[in-house]
Amino acid sequence: MSICNREGGQCAEMAMVCLTDFEEYAKEHLSKATWDYYAAGADECCTRDDNLLAYKRYQKLTDSLNLNLIRLRPRILRDVSVSDTRITVQGTELSFPVGIAPTAFHCLAWHEGEMATARATEALNTCYITSTYSTCSVEEIVAAAPNGYRWFQLYVYRDRKLSEQIVHRVEALGFKALVLTVDVPYTGKRRNDIRNQFRLPPHLKVKNFDGVFQQAAGPEEYGIPANTLDPSISWKDVYWLQSITRLPIIIKGILTKEDAELAVEHGVQGIIVSNHGGRQLDGGPASIDALSEIVDTVQGRIEVYLDGGIRTGSDVLKALALGAKCVFIGRPAVWGLAYKGEEGVREVLQILNDEFRLSMALSGCRNVAEINRNLIQFSKL
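Residues numbered from 1 in each chain as written. Predicted model: local features only at pLDDT ≥ 70, side-chain atom pairs only at ≥ 80, totals over all residues. Heavy atoms only, no water.

1. What about the state of the cysteines?
Quick note on the threshold: Note that a disulfide, as used here, is simply two cysteine sulfur atoms within 2.5 Å. Partly exposed describes any residue whose relative accessible area lies between the buried limit of under 20% and the exposed limit of over 50%, with all areas from a 1.4 Å probe on protein chains only and scaled to the type maximum.
The final tally for this structure, using the stated rule, is zero disulfides. Considering cysteine sulfurs only, Cys45 is the nearest to Cys46, which forms no disulfide, with 7.7 Å between them. When its relative accessible area of 43% is taken as the criterion, Cys46 is described as partly exposed.

Encoded structure:
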(Lines give C-alpha, C1' and ligand atoms only; values in the text may rest on other atoms or scores of the structure.)
Protein backbone atom coordinates (compact mmCIF):
# COMPACT_ATOMS: atom_id res chain seq x y z
CA MET A 1 0.00 0.00 0.00
CA SER A 2 1.38 3.43 -0.88
CA ILE A 3 0.73 6.99 0.24
CA CYS A 4 1.44 9.75 -2.27
CA ASN A 5 2.59 13.29 -1.59
CA ARG A 6 0.33 15.40 -3.80
CA GLU A 7 2.80 18.28 -4.09
CA GLY A 8 5.89 16.28 -4.94
CA GLY A 9 4.18 13.31 -6.56
CA GLN A 10 6.32 10.90 -4.56
CA CYS A 11 4.82 7.73 -3.13
CA ALA A 12 5.94 6.11 0.10
CA GLU A 13 5.29 2.47 0.86
CA MET A 14 3.07 2.00 3.90
CA ALA A 15 3.73 -0.98 6.11
CA MET A 16 1.17 -3.78 6.04
CA VAL A 17 0.62 -4.32 9.76
CA CYS A 18 -2.28 -6.78 9.95
CA LEU A 19 -4.44 -8.90 7.67
CA THR A 20 -7.09 -6.18 7.44
CA ASP A 21 -4.55 -4.01 5.60
CA PHE A 22 -4.28 -6.68 2.89
CA GLU A 23 -8.06 -6.97 2.72
CA GLU A 24 -8.45 -3.24 2.15
CA TYR A 25 -5.74 -3.25 -0.52
CA ALA A 26 -7.36 -6.17 -2.36
CA LYS A 27 -10.82 -4.59 -2.27
CA GLU A 28 -9.40 -1.39 -3.73
CA HIS A 29 -7.36 -3.02 -6.50
CA LEU A 30 -9.32 -6.07 -7.67
CA SER A 31 -12.23 -5.73 -10.10
CA LYS A 32 -15.67 -5.68 -8.51
CA ALA A 33 -16.59 -9.10 -9.92
CA THR A 34 -13.36 -10.66 -8.68
CA TRP A 35 -13.64 -9.06 -5.24
CA ASP A 36 -17.27 -10.14 -4.96
CA TYR A 37 -16.35 -13.70 -5.95
CA TYR A 38 -13.70 -14.01 -3.24
CA ALA A 39 -15.77 -12.20 -0.62
CA ALA A 40 -19.03 -14.01 -1.38
CA GLY A 41 -21.02 -15.87 1.21
CA ALA A 42 -24.21 -17.82 0.64
CA ASP A 43 -27.58 -16.07 0.73
CA GLU A 44 -27.49 -13.33 3.42
CA CYS A 45 -23.85 -14.10 4.38
CA CYS A 46 -24.79 -14.71 8.03
CA THR A 47 -22.49 -17.73 8.41
CA ARG A 48 -19.66 -15.99 6.57
CA ASP A 49 -19.87 -13.05 8.96
CA ASP A 50 -20.35 -15.29 11.98
CA ASN A 51 -17.02 -17.01 11.24
CA LEU A 52 -15.36 -13.72 12.13
CA LEU A 53 -17.63 -12.63 14.97
CA ALA A 54 -17.41 -15.97 16.72
CA TYR A 55 -13.83 -15.40 17.84
CA LYS A 56 -15.10 -12.42 19.80
CA ARG A 57 -18.45 -13.97 20.72
CA TYR A 58 -18.20 -17.70 21.35
CA GLN A 59 -21.27 -19.88 21.94
CA LYS A 60 -20.40 -22.77 24.21
CA LEU A 61 -22.42 -25.70 22.96
CA THR A 62 -23.21 -27.05 26.42
CA ASP A 63 -24.90 -23.75 27.28
CA SER A 64 -27.37 -24.04 24.38
CA LEU A 65 -28.83 -20.56 23.97
CA ASN A 66 -26.44 -18.66 26.23
CA LEU A 67 -23.95 -16.52 24.37
CA ASN A 68 -20.43 -16.44 25.74
CA LEU A 69 -17.35 -14.40 25.12
CA ILE A 70 -14.24 -16.40 24.40
CA ARG A 71 -11.34 -14.95 26.34
CA LEU A 72 -7.79 -16.07 27.04
CA ARG A 73 -6.55 -16.85 30.57
CA PRO A 74 -2.88 -15.84 30.46
CA ARG A 75 -0.35 -17.39 32.82
CA ILE A 76 2.56 -15.24 34.01
CA LEU A 77 6.18 -15.62 35.15
CA ARG A 78 6.75 -18.67 32.98
CA ASP A 79 10.03 -17.77 31.21
CA VAL A 80 8.92 -17.26 27.63
CA SER A 81 12.33 -16.05 26.49
CA VAL A 82 12.37 -18.92 23.99
CA SER A 83 9.25 -20.04 22.11
CA ASP A 84 8.64 -22.83 19.62
CA THR A 85 5.72 -22.74 17.17
CA ARG A 86 6.50 -26.00 15.37
CA ILE A 87 3.82 -28.65 14.98
CA THR A 88 3.57 -32.09 13.42
CA VAL A 89 0.73 -32.70 10.96
CA GLN A 90 0.16 -36.19 9.56
CA GLY A 91 3.68 -37.05 10.65
CA THR A 92 5.35 -34.04 9.01
CA GLU A 93 6.90 -31.18 10.97
CA LEU A 94 5.74 -27.69 9.98
CA SER A 95 7.13 -24.39 11.21
CA PHE A 96 3.83 -23.08 12.63
CA PRO A 97 0.16 -24.13 12.74
CA VAL A 98 -1.25 -22.01 9.89
CA GLY A 99 -1.65 -23.36 6.37
CA ILE A 100 -3.42 -22.27 3.19
CA ALA A 101 -6.96 -23.57 2.69
CA PRO A 102 -8.11 -24.64 -0.78
CA THR A 103 -9.25 -21.53 -2.63
CA ALA A 104 -9.99 -21.33 -6.33
CA PHE A 105 -8.76 -19.17 -9.20
CA HIS A 106 -5.63 -17.56 -7.75
CA CYS A 107 -4.73 -16.15 -11.17
CA LEU A 108 -7.64 -13.74 -10.78
CA ALA A 109 -5.62 -12.07 -8.01
CA TRP A 110 -2.08 -12.43 -9.39
CA HIS A 111 -0.75 -13.54 -12.77
CA GLU A 112 1.32 -16.42 -11.33
CA GLY A 113 -1.63 -17.61 -9.28
CA GLU A 114 -1.23 -20.87 -7.40
CA MET A 115 2.45 -21.13 -8.33
CA ALA A 116 3.13 -18.02 -6.26
CA THR A 117 1.07 -19.41 -3.38
CA ALA A 118 3.00 -22.68 -3.51
CA ARG A 119 6.37 -20.92 -3.39
CA ALA A 120 5.26 -18.82 -0.41
CA THR A 121 4.16 -21.83 1.63
CA GLU A 122 7.31 -23.73 0.67
CA ALA A 123 9.45 -20.82 1.89
CA LEU A 124 7.69 -20.73 5.27
CA ASN A 125 7.50 -24.53 5.61
CA THR A 126 3.77 -24.86 6.04
CA CYS A 127 0.94 -26.73 4.31
CA TYR A 128 -0.76 -25.66 1.09
CA ILE A 129 -4.05 -27.38 0.24
CA THR A 130 -4.27 -27.03 -3.53
CA SER A 131 -7.76 -26.56 -4.93
CA THR A 132 -9.20 -28.68 -7.71
CA TYR A 133 -10.33 -25.35 -9.17
CA SER A 134 -6.82 -24.01 -9.64
CA THR A 135 -5.90 -21.76 -12.54
CA CYS A 136 -2.49 -23.48 -12.63
CA SER A 137 -2.20 -27.22 -13.12
CA VAL A 138 -0.97 -29.49 -10.35
CA GLU A 139 2.12 -30.16 -12.47
CA GLU A 140 2.89 -26.43 -12.71
CA ILE A 141 2.37 -26.00 -8.97
CA VAL A 142 4.77 -28.82 -8.10
CA ALA A 143 7.38 -27.54 -10.56
CA ALA A 144 7.17 -24.07 -9.00
CA ALA A 145 7.76 -25.35 -5.45
CA PRO A 146 9.16 -28.89 -5.69
CA ASN A 147 9.95 -29.19 -1.98
CA GLY A 148 6.68 -27.81 -0.64
CA TYR A 149 4.33 -29.76 1.63
CA ARG A 150 1.01 -30.07 -0.19
CA TRP A 151 -2.37 -31.73 0.14
CA PHE A 152 -4.88 -31.85 -2.71
CA GLN A 153 -8.53 -30.85 -2.33
CA LEU A 154 -10.89 -33.16 -4.20
CA TYR A 155 -14.52 -33.17 -5.28
CA VAL A 156 -16.42 -36.29 -6.33
CA TYR A 157 -17.91 -35.95 -9.81
CA ARG A 158 -20.77 -37.74 -11.52
CA ASP A 159 -18.08 -39.19 -13.78
CA ARG A 160 -15.96 -40.96 -11.19
CA LYS A 161 -13.16 -41.35 -13.72
CA LEU A 162 -12.53 -37.59 -13.52
CA SER A 163 -11.97 -37.85 -9.78
CA GLU A 164 -9.92 -41.03 -10.11
CA GLN A 165 -7.62 -39.56 -12.76
CA ILE A 166 -6.81 -36.46 -10.72
CA VAL A 167 -6.19 -38.61 -7.62
CA HIS A 168 -3.63 -40.68 -9.51
CA ARG A 169 -2.00 -37.53 -10.92
CA VAL A 170 -1.49 -35.88 -7.54
CA GLU A 171 -0.36 -39.09 -5.88
CA ALA A 172 2.32 -39.52 -8.57
CA LEU A 173 3.35 -35.88 -8.11
CA GLY A 174 4.05 -36.33 -4.39
CA PHE A 175 1.04 -34.69 -2.76
CA LYS A 176 0.86 -35.98 0.80
CA ALA A 177 -2.89 -36.23 1.45
CA LEU A 178 -6.31 -35.91 -0.17
CA VAL A 179 -8.79 -33.41 1.26
CA LEU A 180 -12.28 -34.56 0.31
CA THR A 181 -14.73 -31.65 0.34
CA VAL A 182 -18.10 -33.02 1.46
CA ASP A 183 -20.31 -29.93 1.87
CA VAL A 184 -20.98 -29.23 -1.82
CA PRO A 185 -23.57 -31.67 -3.20
CA TYR A 186 -24.80 -28.48 -4.86
CA THR A 187 -23.19 -25.06 -5.01
CA GLY A 188 -24.50 -22.52 -2.50
CA LYS A 189 -26.41 -19.48 -3.75
CA ARG A 190 -23.93 -16.61 -3.92
CA ARG A 191 -26.02 -13.62 -4.83
CA ASN A 192 -23.33 -11.27 -6.07
CA ASP A 193 -21.90 -13.91 -8.41
CA ILE A 194 -25.37 -14.27 -9.91
CA ARG A 195 -25.80 -10.50 -10.21
CA ASN A 196 -22.35 -10.13 -11.75
CA GLN A 197 -22.86 -13.16 -14.02
CA PHE A 198 -19.46 -14.31 -12.80
CA ARG A 199 -17.34 -16.22 -15.31
CA LEU A 200 -13.63 -16.77 -15.62
CA PRO A 201 -12.05 -14.40 -18.15
CA PRO A 202 -11.20 -16.02 -21.49
CA HIS A 203 -7.46 -16.29 -20.74
CA LEU A 204 -8.04 -18.36 -17.59
CA LYS A 205 -9.39 -21.87 -17.10
CA VAL A 206 -9.58 -24.66 -14.54
CA LYS A 207 -6.21 -26.02 -15.63
CA ASN A 208 -6.54 -29.43 -13.98
CA PHE A 209 -9.35 -30.20 -16.45
CA ASP A 210 -7.74 -28.58 -19.47
CA GLY A 211 -9.29 -30.13 -22.58
CA VAL A 212 -11.62 -32.44 -20.63
CA PHE A 213 -14.84 -30.51 -21.24
CA GLN A 214 -14.18 -29.16 -24.74
CA GLN A 215 -17.18 -30.97 -26.20
CA ALA A 216 -19.50 -30.05 -23.36
CA ALA A 217 -22.57 -27.99 -24.17
CA GLY A 218 -24.86 -26.11 -21.84
CA PRO A 219 -24.35 -23.71 -18.96
CA GLU A 220 -21.06 -23.33 -17.12
CA GLU A 221 -20.59 -22.97 -13.36
CA TYR A 222 -17.25 -21.70 -12.02
CA GLY A 223 -15.22 -22.83 -15.00
CA ILE A 224 -16.70 -26.29 -15.61
CA PRO A 225 -20.05 -27.52 -16.93
CA ALA A 226 -22.93 -27.16 -14.49
CA ASN A 227 -24.07 -30.35 -12.77
CA THR A 228 -20.62 -31.93 -12.92
CA LEU A 229 -20.55 -32.41 -9.13
CA ASP A 230 -22.31 -35.54 -7.88
CA PRO A 231 -25.07 -34.84 -5.33
CA SER A 232 -25.36 -38.59 -4.60
CA ILE A 233 -22.00 -38.57 -2.78
CA SER A 234 -22.23 -40.55 0.46
CA TRP A 235 -20.05 -42.28 3.05
CA LYS A 236 -19.58 -45.24 0.70
CA ASP A 237 -17.53 -42.92 -1.52
CA VAL A 238 -14.97 -42.65 1.26
CA TYR A 239 -14.45 -46.41 0.93
CA TRP A 240 -14.27 -46.03 -2.84
CA LEU A 241 -11.60 -43.35 -2.48
CA GLN A 242 -9.61 -45.53 -0.09
CA SER A 243 -9.71 -48.30 -2.70
CA ILE A 244 -7.97 -46.18 -5.35
CA THR A 245 -5.27 -44.42 -3.30
CA ARG A 246 -2.79 -44.96 -0.52
CA LEU A 247 -2.82 -41.29 0.47
CA PRO A 248 -4.30 -40.23 3.82
CA ILE A 249 -7.85 -38.95 3.45
CA ILE A 250 -8.99 -35.83 5.29
CA ILE A 251 -12.67 -34.88 5.30
CA LYS A 252 -13.36 -31.16 4.90
CA GLY A 253 -16.77 -29.76 5.83
CA ILE A 254 -17.75 -31.56 9.04
CA LEU A 255 -19.66 -29.48 11.59
CA THR A 256 -21.34 -32.05 13.89
CA LYS A 257 -20.26 -34.70 16.36
CA GLU A 258 -22.39 -37.30 14.55
CA ASP A 259 -20.47 -36.85 11.30
CA ALA A 260 -17.17 -36.67 13.16
CA GLU A 261 -17.88 -40.12 14.65
CA LEU A 262 -18.79 -41.47 11.22
CA ALA A 263 -15.54 -40.08 9.81
CA VAL A 264 -13.56 -41.96 12.43
CA GLU A 265 -15.55 -45.13 11.81
CA HIS A 266 -14.81 -44.87 8.08
CA GLY A 267 -11.08 -44.78 8.71
CA VAL A 268 -10.14 -41.29 7.56
CA GLN A 269 -7.00 -39.67 8.90
CA GLY A 270 -8.28 -36.17 9.64
CA ILE A 271 -11.18 -33.73 9.75
CA ILE A 272 -11.24 -30.08 8.75
CA VAL A 273 -14.00 -28.35 10.70
CA SER A 274 -15.29 -25.99 8.01
CA ASN A 275 -18.42 -24.33 6.63
CA HIS A 276 -16.73 -23.52 3.31
CA GLY A 277 -16.10 -19.93 4.34
CA GLY A 278 -19.85 -19.42 4.74
CA ARG A 279 -20.29 -20.02 0.99
CA GLN A 280 -22.60 -23.05 1.22
CA LEU A 281 -25.33 -23.37 3.88
CA ASP A 282 -26.23 -20.01 5.36
CA GLY A 283 -27.39 -20.32 8.95
CA GLY A 284 -25.02 -23.10 9.93
CA PRO A 285 -22.55 -22.69 12.81
CA ALA A 286 -19.33 -20.76 12.67
CA SER A 287 -16.42 -23.18 12.42
CA ILE A 288 -15.05 -22.28 15.85
CA ASP A 289 -18.51 -22.88 17.37
CA ALA A 290 -18.51 -26.46 16.06
CA LEU A 291 -14.91 -27.26 17.00
CA SER A 292 -15.28 -28.32 20.64
CA GLU A 293 -17.97 -30.95 20.11
CA ILE A 294 -15.97 -32.50 17.28
CA VAL A 295 -12.73 -32.55 19.28
CA ASP A 296 -14.58 -34.09 22.23
CA THR A 297 -16.08 -36.76 19.98
CA VAL A 298 -12.87 -37.65 18.19
CA GLN A 299 -10.90 -37.95 21.45
CA GLY A 300 -7.53 -37.86 19.68
CA ARG A 301 -8.24 -40.81 17.39
CA ILE A 302 -7.60 -38.64 14.32
CA GLU A 303 -6.31 -35.11 13.82
CA VAL A 304 -8.76 -32.20 13.77
CA TYR A 305 -8.10 -28.97 11.87
CA LEU A 306 -10.15 -25.83 11.28
CA ASP A 307 -10.70 -23.12 8.70
CA GLY A 308 -12.95 -20.07 8.69
CA GLY A 309 -12.54 -16.66 10.28
CA ILE A 310 -8.85 -16.76 11.22
CA ARG A 311 -7.56 -13.19 11.01
CA THR A 312 -5.11 -12.78 13.91
CA GLY A 313 -2.54 -14.73 15.85
CA SER A 314 -4.83 -14.78 18.88
CA ASP A 315 -7.52 -16.42 16.69
CA VAL A 316 -5.01 -19.17 15.96
CA LEU A 317 -4.24 -19.53 19.65
CA LYS A 318 -7.94 -19.80 20.56
CA ALA A 319 -8.55 -22.46 17.90
CA LEU A 320 -5.60 -24.53 19.12
CA ALA A 321 -6.67 -24.13 22.74
CA LEU A 322 -10.07 -25.55 21.78
CA GLY A 323 -8.43 -28.56 20.16
CA ALA A 324 -7.49 -27.81 16.56
CA LYS A 325 -4.15 -29.26 15.52
CA CYS A 326 -3.69 -26.64 12.79
CA VAL A 327 -5.75 -23.91 11.11
CA PHE A 328 -6.05 -22.86 7.49
CA ILE A 329 -6.71 -19.47 5.91
CA GLY A 330 -8.49 -18.89 2.62
CA ARG A 331 -9.41 -15.31 1.73
CA PRO A 332 -6.34 -13.73 3.44
CA ALA A 333 -4.06 -15.73 1.13
CA VAL A 334 -5.85 -14.26 -1.88
CA TRP A 335 -5.51 -10.76 -0.41
CA GLY A 336 -1.78 -11.36 -0.09
CA LEU A 337 -1.61 -12.46 -3.72
CA ALA A 338 -3.45 -9.33 -4.83
CA TYR A 339 -0.94 -7.22 -2.92
CA LYS A 340 2.38 -8.66 -4.09
CA GLY A 341 2.00 -12.22 -5.31
CA GLU A 342 4.34 -14.66 -3.59
CA GLU A 343 5.80 -11.92 -1.40
CA GLY A 344 2.32 -10.85 -0.31
CA VAL A 345 1.31 -14.39 0.71
CA ARG A 346 4.58 -14.73 2.61
CA GLU A 347 3.85 -11.45 4.43
CA VAL A 348 0.35 -12.61 5.39
CA LEU A 349 1.69 -15.89 6.76
CA GLN A 350 4.58 -14.19 8.53
CA ILE A 351 2.28 -11.68 10.23
CA LEU A 352 0.10 -14.52 11.51
CA ASN A 353 3.17 -16.44 12.65
CA ASP A 354 4.56 -13.41 14.50
CA GLU A 355 1.19 -12.61 16.08
CA PHE A 356 0.70 -16.23 17.12
CA ARG A 357 4.15 -16.40 18.68
CA LEU A 358 3.47 -13.17 20.58
CA SER A 359 0.03 -14.33 21.76
CA MET A 360 1.59 -17.60 22.93
CA ALA A 361 4.24 -15.80 24.93
CA LEU A 362 1.81 -13.30 26.44
CA SER A 363 -0.38 -16.24 27.50
CA GLY A 364 2.56 -18.03 29.10
CA CYS A 365 2.98 -20.77 26.48
CA ARG A 366 6.49 -21.70 25.41
CA ASN A 367 5.48 -24.26 22.80
CA VAL A 368 2.36 -25.57 21.09
CA ALA A 369 2.14 -28.56 23.44
CA GLU A 370 1.40 -26.16 26.33
CA ILE A 371 -1.70 -24.79 24.59
CA ASN A 372 -4.88 -26.37 25.97
CA ARG A 373 -8.39 -25.52 27.15
CA ASN A 374 -7.11 -24.14 30.44
CA LEU A 375 -6.22 -21.08 28.35
CA ILE A 376 -9.88 -20.41 27.57
CA GLN A 377 -12.38 -18.58 29.72
CA PHE A 378 -16.04 -18.27 28.84
CA SER A 379 -17.85 -15.16 30.06
CA LYS A 380 -21.58 -14.72 29.57
CA LEU A 381 -22.72 -11.70 27.63
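2. A closer look at the confidence of the model for the protein chain
So the rule is basically this: How sure the predictor is of each residue is captured by pLDDT, a score from 0 to 100. What makes two residues a contact is simply this: any of their non-hydrogen atoms within 4.5 Å.
Of the residues in the protein chain, 92% reach a pLDDT of 70 or more, and the chain-wide mean stands at 93. In the model, residues 3-11 has pLDDT below 50 throughout and makes eight contacts with residues more than four positions away in sequence or in other chains. In the predicted structure, residues 58-66 sits below a pLDDT of 50 and forms 22 contacts with residues beyond four places in sequence or in another chain.

3. Considerations on helix H6 (residues 160-173)
Quick reminder of the rule: Secondary structure elements are taken from DSSP: a helix is a run of H or I of four residues or more, a strand is a run of E of two residues or more, and numbering for both begins at the N terminus. Expected span of a helix: the number of residues minus one, times 1.5 Å. By the criterion applied in these results, polar contacts are pairs of N or O atoms within 3.5 Å in which, for protein atoms, one can donate a hydrogen and the other can accept it, and in which residues neighboring in sequence qualify only through two side-chain atoms.
The terminal C-alpha atoms of H6, which comprises 14 residues, lie 20 Å apart, in line with the 20 Å expected from a rise of 1.5 Å per residue. Among all positions in H6, only Leu162, Ser163, Glu164, Ile166, Val167 and Val170 are buried. Where the residues of H6 are buried, they touch helix H5 (138-144), strand S8 (149-154), strand S9 (178-181) and helix H8 (236-244). Where H6 begins, the capping side chain belongs to Asp159, and its oxygen is found 3.0 Å from the backbone nitrogen of Lys161. Gly174 sits one or two positions beyond H6 and adopts a positive phi of about 95°.

4. A word on the nonpolar core
Rule in force here: Here the nonpolar core consists of buried residues drawn from Ala, Val, Leu, Ile, Met, Phe, Trp, Tyr and Cys, with membership extended through side-chain atoms lying within 4.5 Å.
Of all hydrophobic cores here, the largest spans 119 residues; its most connected members are Phe105, Tyr133, Trp151 and Ile371. At seven residues, the largest contribution of residues to this core is made by helix H13 (residues 342-362).

5. Overview of the pattern of salt bridges
Threshold: Think of a salt bridge as a Lys or Arg side-chain nitrogen and an Asp or Glu carboxyl oxygen that are within 4 Å of each other.
In the structure shown here, the tally under the stated rule is 21 salt bridges. For Glu343, the salt bridge is made with Lys340, and the minimal N-O distance between the two is 3.6 Å. Taken together, the shared-partner salt bridges in this structure form one network comprising Glu112, Arg119, Glu342 and Arg346.

6. Quick look at the environment of Ala33
Tracing the backbone through its elements, the reader meets Ala33 in helix H2 (residues 32-39). In this structure the C-alpha to C-alpha distance between Ala33 and Ile272, which are 239 residues apart in sequence, comes to 29 Å. Sequence-distant contacts of Ala33, that is, excluding residues within four places in its chain, are made with Asn196 and Phe198.

7. Considering the pairing of strand S15 (residues 326-329)
Put simply, the rule is: Whether two strands pair comes down to DSSP finding at least two bridges between them. The handedness of a crossover follows from its direction of travel: if, with the strands pointing away from the viewer, the path from the first strand over the helix to the second runs clockwise, the crossover is right-handed.
Of the two faces of S15, the one holding Cys326 and Phe328 and the one holding Val327 and Ile329 are both buried throughout. Both strand S6 (residues 98-100) and S15 contribute to a ladder of three bridges, which runs parallel. Considered in S15, the bridge of Ile100 is made with Ile329. Sheet topology places strand S14 (residues 303-307) next to S15; three bridges connect them, and they run parallel. Its bridge partner lying in S15, Asp307 is registered against Phe328. The β-α-β motif built from S14, the intervening helix H11 (residues 313-321) and the parallel element S15 has right-handed crossover chirality.

8. Observations concerning the environment of Trp110
Summarising the element assignment, Trp110 is placed in the loop between S6 and helix H4 (113-124). Under the relative-accessibility criterion, Trp110 is labelled partly exposed at 24%. With 70 residues separating them along the chain, Trp110 and Ala40 place their C-alpha atoms 19 Å apart. Excluding its chain neighbours within four sequence positions, the residues that come into contact with Trp110 are Ala116, Leu337, Tyr339, Lys340 and Gly341.

9. Some points on the packing of helix H1 (residues 19-29) against helix H12 (residues 331-340)
The condition that has to hold: Orientation is described by axes fitted as lines to C-alpha atoms, over the contacting stretch for helices, and by angles from 0 to 180 degrees between their N-to-C directions. Orientation labels follow simple angle bins: below 35 degrees gives roughly parallel, above 145 gives roughly antiparallel, 65 to 115 gives roughly perpendicular, and whatever is left gives oblique. Here a crossing is taken to be left-handed if its near helix is turned anticlockwise relative to the far helix by less than a right angle, and right-handed if that turn runs clockwise. When residues are grouped by polarity, Ala, Val, Leu, Ile, Met, Phe, Trp, Tyr, Cys and Pro land in nonpolar, Asp, Glu, Lys and Arg in charged, and all others, Gly among them, in polar.
Following both chains from N to C, one finds H1 and H12 inclined at 60°, their axes separated by 8 Å at the closest point. Put simply, H1 runs oblique to H12. You can see that H1 and H12 cross each other, and the crossing is left-handed. Facing Leu19, Phe22, Glu23, Tyr25 and Ala26 of H1, the residues of H12 in contact are Pro332, Trp335, Gly336, Ala338 and Tyr339. A per-class count over the contact of H1 with H12 returns eight nonpolar, one polar and one charged.

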